[in-house]
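The chain contents come next:
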Amino acid sequence: MRVMHVVSVSGGKDSLATLLIAIARCGLANVIAIFCDTGNEHEDTYAYLGYLEQQLGIKIVRLKADFTAELLAKRMFIARDVRNRREYDTCPVFEADGVTPVPKRDGRGAVVLSKKGKPVQKTVKVGGGRRVRWTNKAKRRALAVMFPSGNPFLDLCMWKGRFPSRTAQFCTQELKTNMAVAFQLELMEAGHRVISWQGIRRDESENRRDAKKFERVGRGLWIARPIVDNTAAEVLAFSASRGIEPNPLYLQDMNRVGCMPCINCSKPELRAIAARFPAHPARIADWEWRVGQCSKRGYSTFMTDAHPAKDRRVVFADLNIWARIEWSKTSRGGRQYNLLDEEENRPSGCSSSYGLCDEGAGGAVAEEATA
Ligand code: SF4
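Parameters at a glance
Residues numbered from 1 in each chain as written. Predicted model: local features only at pLDDT ≥ 70, side-chain atom pairs only at ≥ 80, totals over all residues. Heavy atoms only, no water. Helix = DSSP H or I, 4+ residues; strand = E, 2+ residues; numbered from the N terminus. pLDDT = per-residue confidence, 0-100. Contact = heavy atoms within 4.5 Å. Phe/Tyr/Trp six-rings, centres within 6.5 Å; stacked < 30°, edge-to-face > 60°. Lys NZ or Arg CZ within 6 Å of the ring centre and 35° of its normal. Salt bridge = Lys/Arg side-chain N within 4 Å of Asp/Glu carboxyl O. Buried < 20%, exposed > 50% of the residue type's maximum accessible area, 1.4 Å probe, protein only. 1 Å grid on protein atoms, 1.4 Å probe; cavity = no way out; pocket = protein on both sides within 12 Å on 5 of 7 lines; lining within 4 Å. Points joined across faces, edges and corners; volume = space filled by probe spheres on them. Nonpolar A, V, L, I, M, F, W, Y, C, P; charged D, E, K, R; others polar. Domains from an automatic or database assignment. Axes fitted to C-alpha atoms, helices over the stretch in contact; angles between N-to-C directions. Parallel < 35°, antiparallel > 145°, perpendicular 65-115°, else oblique. Left-handed = near helix turned anticlockwise from the far one by under 90°.

Participant: Looking at this structure, how should I read unusual backbone geometry?
Facilitator: When glycine is set aside, most residues are seen to have a negative phi, and most peptide bonds are trans. With an omega of -5 degrees, the peptide bond running from M260 to P261 counts as cis. Residue placement: P261 occurs in the loop between α7 (232-241) and α8 (267-276).

Participant: So what exactly am I meant to see when it comes to the confidence of the model for the protein chain here?
Facilitator: Residues at a pLDDT of 70 or more form 89% of the protein chain, whose mean pLDDT is 87. Confidence drops under a pLDDT of 50 for residues 335-371, and excluding neighbours within four residues, the segment shows 65 contacts in the predicted structure.

Participant: Please clarify how the packing of aromatic side chains should be interpreted in this entry.
Facilitator: By convention here, two paired aromatic rings are described through the distance between centres and the angle between planes. Inspection of every chain in the model, using the stated rule, returns seven aromatic pairs. When the centroid spacing of 5.6 Å and the interplanar angle of 25 degrees are considered together, the rings of Y48 and Y51 count as stacked. Note that Y48 and Y51 are positioned in helix α2 (residues 43-56) at a spacing of three residues, about one turn of the helix. The rings of F153, F163, W287 and F302 are connected pair by pair, giving a single aromatic cluster. K125 extends its terminal NZ or CZ atom over the ring of Y88, reaching a point 4.5 Å from the ring centre. A cation over a ring is seen here: K160 above F170, with NZ or CZ 5.2 Å from the ring centre.

Participant: In this structure, what is going on with the pattern of salt bridges? I would like to understand it.
Facilitator: Side chains carrying opposite charge are able to pair once their charged atoms draw close together. Taken as a whole and assessed by the stated rule, the structure comprises 18 salt bridges. One salt bridge in this structure joins R201 and D14, with 2.9 Å as the shortest N-O distance. Of this pair, R201 sits in the loop between β6 (193-197) and β7 (214-218) while D14 sits in helix α1 (residues 13-26), and the two are 187 residues apart along the sequence. Here the two residues R201 and D14 agree in accessibility, since each one is buried. Here D253 makes a salt bridge to R276, at a shortest N to O gap of 3.3 Å. Of the two residues, D253 is situated in the loop between α7 and α8 and R276 in helix α8; the sequence distance between them amounts to 23 residues.

Participant: Please clarify how the layout of surface pockets should be interpreted in this entry.
Facilitator: If a probe as big as a water molecule is rolled over the atoms, it shows which places are left empty. Roughly 1200 Å³ of volume is contained in the second largest pocket. G161, R162, S295, R297 and Y299 are the residues nearest the centre of the second largest pocket, which is lined by 46 residues in total. Only α3 (68-80), β4 (86-92), β5 (123-131), α4 (136-145), α10 (312-319) and α11 (321-328) provide two or more residues apiece to the lining of the second largest pocket. It is α10 that provides the largest number of residues to the lining of the second largest pocket, a total of three residues. Class assignment for the residues of the lining of the second largest pocket results in 17 nonpolar, eleven polar and 18 charged. A domain-level breakdown of the lining of the second largest pocket finds at least three residues from each of domain 1 (3-67 + 150-344) and domain 2 (86-131).

Participant: Is there a simple way to explain the packing of α1 against α2 in this structure?
Facilitator: Put simply, α1 and α2 touch, their axes get as near as 13 Å, and they point 20 degrees apart. Classified by the angle their axes make, α1 and α2 are roughly parallel. The crossing of α1 and α2 is right-handed. The segment α1 lies against α2, with L16, L19, L20 and I23 engaging Y48, L52 and L56. Of the residues contributing to the contact of α1 with α2, the split by class is seven nonpolar, no polar and no charged.

Take a look at the structure:
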């Protein structure tokens with residue numbers, strides 16, 4: 001039985017520093033680098049993986065999700081759908097004071113409780129509802145395009161009939177987490193112990209504030225997070241001190257490496273992507289059409305948001321990728337174009353959110369991470 005050190009490489013600075021630390025501590029022969037390919041990556045990231053392989057003398061295992069079976073099953077489901085149930089919008093019911101919620105009661109008059117033991121509020125149906133069944137028109141539309149494309153991100157969205165969102169971020173789970181976990185489970189089934197190395201920093205977000213440096217997940221499986229205490233500047237400096245260049249995307253206004261674009265992409269980043277890499281928004285626009293065809297609603301937008309309109313054409317017109325790019329050029333909540341801002345923010349030849357252009361930041365700060 002061997003201990004295998006599996007490092008998830010994304011092409012970004014944090015996973016690179018983690019990989020370098022894992023190699024330094026455990027030796028090249030005991031480290032396996034994996035890359036979960038979402039199919040929505042920038043070409044520079046694919047090229048950068050090759051650069052890392054060459055520089056570090058390591059083979060990065062590419063993992064790619066396959067949704068062929070799911071798409072074929074969904075096609076079958078749509079073609080056979082004969083449900084006749086209706087689906088209604090609901091609104092909560094209050095007492096006469098308009099503030100006190102009316103509790104929901106079951107057939108015997110008892111108050112219905114949630115899983116947490118709290119009373120569930122009564123609701124009433126509003127409007128005439130919608131048919132749950134796929135209409136014949138929607139069936140024809142979906143069955144005409146719902147074929148596996150070989151691109152994991154697109155196939156996942158066609159299967160789900162929508163793009164992921166902040167509240168339903170199934171992309172991370174389906175395209176990355178599940179692939180990495182399956183890979184590690186295979187190693188464990190082959191009799192190895194696995195240490196999963198993750199490039200996570202506590203100062204990245206609220207969710208990661210309490211991330212542990214080392215933890216046992218279960219029998220034969222541990223997680224190591226060697227850079228939890230480091231800052232972005234420190235991990236960059238550490239990799240530079242080892243003579244490894246960062247992903248070139250950091251030098252092109254991108255402050256993170258991952259999907260191009262990510263569904264959670266910030267306004268300035270979206271603006272920079274549109275200006276620097278126009279082929280990617282064009283690809284997303286094509287995906288919006290294909291995923292929309294696979295949706296019962298008839299449309300889907302890459303960057304979702306609440307919208308007061310009921311008419312799908314209005315919602316799509318306001319939220320499609322080109323509209324979002326136009327919005328990314330605005331200020332004051334998106335209502336007004338800021339021409340000065342547009343001019344000032346036009347991407348320059350070489351800029352970086354981490355000050356990479358200002359070379360000489362020093363590479364010793366994160367040295368202690370390897371201690
Ligand atoms: S959250 Fe963003 S980067 Fe992560 S898989 Fe989804 S789209 Fe890609």
